[in-house]
Structures are given as C-alpha cells and as structure tokens.
Amino acid sequence: MTFGCRLNTLESEQIRRAATDAGLTRTVIVNSCAVTAEAVRQARQNIRRLKRADPGLKVIVTGCAAQTEPATFAAMAEVDRVVGNGAKGAPETWAKARAAFDFGISAEEKIVVDDIFAVRETALHMVDGMDGRTRAFVQVQNGCDHRCTFCIIPYGRGNSRSVPMGEVISHIRALVEAGQSEVVLTGVDLTSYGGDLPGAPTLGRLVRTILKQVPELRRLRLSSIDSVEADADLLRALAEEERLMPHLHLSLQSGDDMILKRMKRRHSRAQAIALTGEMRRLRPDLVLGADLIAGFPTETEAMARNSRAIVEDCGLTFLHVFPYSARAGTPAARMPQLPGPLVSARAQRLREAGEAALRRHLSQQVGTWRPVLVERGGIGRTPHFTPVRLRRPAQPGAVIDLRIAGHDGARLVAA
C-alpha cells in the first residue's frame, strides 16, 4: 500500500519484488508519506482497517513517516515492524523481516530505523517497468539539502545524493530494449542532481546525455523540479530536444514574496514569472504545472490573492494544491497559524483558479492532432501530460496520433 509521491510508487514496486523474493507471505507493506499530517493519519487509518479485515496479516510500515515518526507506528498494536527509508531498498531487509516473523520478534527488534543523514549514496534499483503502467519511472536522485520551513521530508529522506550518469543511461537503455516508450526521471529534489558526484554534472547534462546515448527512447519526461535550480543545459534541452516532453511541474509553493521568504524558498515571485516566460519563449508549446500551498502561517488575504494571481502570471495549467498542514519539528509549525476553515477556503479558491486554467488549456487543444501514449482504462496522455479519453481500444504503451474532438472539463476527448 503506497502513499505520497511518484518516488514512493517506484520504491514500492522495488519493495514488492524484494519482499516476494524473500518469501514474505500474508504481509502488507505500507510505504508511508510524511509530507502532511493528513498523510500520516490516512496511513494509520488504513493500517487499522487492514488489520480489522484480516487479523492474521502481518503489517510492516516503511517510508518517510516511518523514518520521521517510528515510535508513532511502533506503538500501534496492528503494526509488526517499522522499517526506515535507509533500509527499505535493501533485499536483506525483507529477508530479515521474514526471519523475524518466522522465529518471533521482540519489542526492541520492532523498529529498524537508522540515521538517514548517515546515508551517503543512493542505488539505482533495476526495475524493468512497473505493473499496470505504460511509462517507466527512474529514480536518479534522493534526499534534499534544503530546509524549507514547512517541510519534514529531508528528515525522512536525508541529504541529496545522486545516481552516477553511466548507471542511469544503462538502466534506461535496458528499459527501452524491454519496450518502454516513455521514461520519467524522478527524485526528491531532482534539479539538485549531480552536486555530490565527481565533476558535479547537472540535471540538464544528464538529460542531454540520455537523449544522445539512447536515441531509441521516444519520450523523456521530468517529475517536479525546483525552478531556481534549472540549469543552462536543461533550458537548452527544453529548446532543442523534441523528445524531452513539453511539460514541467514546478515547486513554487507560493506566489507572494513575504510568504516565500518565510517558507525559506530560494526564489522570488518575479524570478518565477521571468523563468516561466523564458521557458515558454524557448518552447512555445510548453505546459506548466506547480505545487502551491494555501494558508501558510501569517498569510493575509492579499498574500493569498498573489498566489492565485501566479496561476495566470506564470501561465500554470496543472495545480497540486496543498492546504497548509503543520508538521511537528518544522519552523513553520511555531509560526502563528491560520484557522483551519480559512486554510480550507483558500485552498478551494486556489483549486478553482487551477480548474479554470485547465479548462482554458483543454479548449485550446480541441481540433489539434496529438501523439498520445496509450494507458490502460481507455485513457492516454499527450506530450503535455494532458489526459485523453479514447473513443476506441488501443494497445497500452503504443503512441498513436489522435485528433482532439473536445473535452469534458477534466480530460480531452479523442475523435
């Protein structure tokens, strides 16, 4: 059971295979998220539900919430083992879990969580595709060196560490040979890629090298990036490489300068607007998404309006809106908090701004032809990551040219 980000989704597939190889049976592994208090609550709620439905199941909790709050989960009678982020990728972790279940486990052995900041390397686990998916996610980076005041994730993931370029390219070549049409590069702080490697290669250099060394790869896509870290090679790749998809998701978080400062972000409102304008100049068909937090401590109504205005000012299309959630141990949790109903109302208005922007984008696509990567369930994705409802069945994983006949407010509809 997976909560949270795409990186967790990728890691869950690695864990599933390692646990199966270790012979773990009648065991549920919960890969948790710590980004909000609600994510932790949902994980605990689902653990209780699973155990009620089948009291004989063994439950192992791992992921960011297990790393940051191991005692919280160890105290649950429904949980049999808590595994930290540093150990969850190792096959021996799951072999040891099986042995512990076979021979009995003491209360002291229930928690397997080490100091995540002692981890200095990240491994590229060889996953040749993901069950039920038509694109492959490749983890090239883990951890984060920044300390945004709202964020607990560095304490769950540790410091930034990167996979060497040669390993990444070899893995992507294997994925393409196995039939993957699209690869997504992912990480916790993707644009910090390479800072810990010899020669400090950038994400842009990695992208350009992949496209040069794996010419058979049809589509390369990036997960969320930090706009302030977008390097010159990445911008050149955006302008020159058609196989780099014209869709980027930005970690903006706010559209107000004072809130950005209190968040300890490293960009200003003007810098965000300037960068998105330059990106669109380099790639006119570029579509942008962004993460935005509503109701951050001390946010006034004028500051909230600035965040809503950034949707239009940066030309955003796909929004991930997060109502602010205080995380114990973060500086923002000690700032003056806003009432919950006000936070929810501001998040709703921000979502409405995003929905209006999405409808405008969908309307602009009507009548165009787009190469669509077919997914399961009668859905596909354009290069802009816009979902398309298909009129007739097609082979998942195929890329087919389709004319866009209309939209339903959330998805395009193929002719």
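These figures come from a predicted structure and were not determined experimentally.

Draft legend 1. Seen up close, the sheet that holds strand β9 (residues 219–222). Strand order across the open sheet formed by three strands is β5-β8-β9, with parallel pairing between neighbours. The sheet is open, and its two borders are formed by β5 (136–139) and β9, each paired with just one other strand. Looking at each pair of strands side by side, their axes are set apart by 25° on average, direction ignored. Packed onto the sheet, helix α1 (residues 6–21) meets β5 and β8 (182–186) and runs at close to 95° relative to β5.

Draft legend 2. Fine view of the pairing of strand β12 (residues 316–323). Relative to β12, strand β11 (residues 287–294) runs parallel, the two being bridged by seven bridges. By the bridge assignment for β12, L288 is matched with L316. Note that the unit made of β11, helix α12 (residues 301–313) and β12 has a crossover that is right-handed.

Draft legend 3. Spatial organisation of empty space enclosed by the protein. Tallying each qualifying case throughout the model produces one cavity of 30 Å³ or more. Space inside the largest cavity adds up to approximately 30 Å³. Considering the residues around the largest cavity, the lining is formed by A294, E299, A304, S307, R308, R346 and L350. In terms of residues, the lining of the largest cavity owes the most to one element, α12, which gives three residues. When its residues are assigned to classes, the lining of the largest cavity shows three nonpolar, one polar and three charged.

Draft legend 4. Looking closely at the sheet that holds strand β4 (residues 111–112). Reading across the sheet, the four strands line up as β1-β2-β3-β4 and stay open at both edges, with parallel pairing between neighbours. Each edge of the sheet is formed by a strand with only one pairing partner; in this case those strands are β1 (27–32) and β4. Inspection of the sheet shows β1 paired to strand β2 (residues 58–63) by six bridges, in the parallel sense. Bridging from a neighbouring strand, I29 pairs with I60 of β2. Lying on the sheet, helix α2 (residues 37–53) is in contact with β1 and β2; it crosses β2 at an angle near 165°. Along the sheet face, helix α5 (residues 91–103) touches β1, β2 and β3 (81–83) and points at about 165° away from the line of β3.

Rules and cut-offs
Just so you know, the residues in each chain are numbered from 1, in the order the chain's sequence is written. Only residues with pLDDT of 70 or above have their local features reported here, since the model is predicted, and side-chain atom pairs are shown and tallied only from 80 upward, although totals for entire chains, interfaces and linings are computed over all residues. Derived side-chain values reflect all non-hydrogen atoms in the structure, with water molecules and hydrogen atoms excluded from consideration. Strands are labelled as partners when DSSP assigns at least two bridges between them. Runs of H or I in DSSP of at least four residues are treated as helices and runs of E of at least two as strands, each being numbered from the N terminus. Whenever a helix is involved, its axis is fitted only over the stretch in contact; in every case the axis is a line through C-alpha atoms, and angles between N-to-C directions fall within 0 to 180 degrees. Residue contacts are counted whenever heavy atoms from the two residues lie within 4.5 Å of one another. The path from the first strand over the helix to the second decides the hand: if it runs clockwise while the strands point away from the viewer, the crossover is right-handed. The method works on a 1 Å grid over the protein atoms by themselves. A cavity is a set of points holding a 1.4 Å probe that cannot get out, a pocket is an open set with protein on both sides within 12 Å along at least five of seven lines, and residues with an atom within 4 Å of a point line them. Grid points are joined across faces, edges and corners, and a volume is the space filled by probe spheres set on the points. Side-chain classes are defined by residue name, with Ala, Val, Leu, Ile, Met, Phe, Trp, Tyr, Cys and Pro counting as nonpolar, Asp, Glu, Lys and Arg as charged, and the others, Gly among them, as polar.

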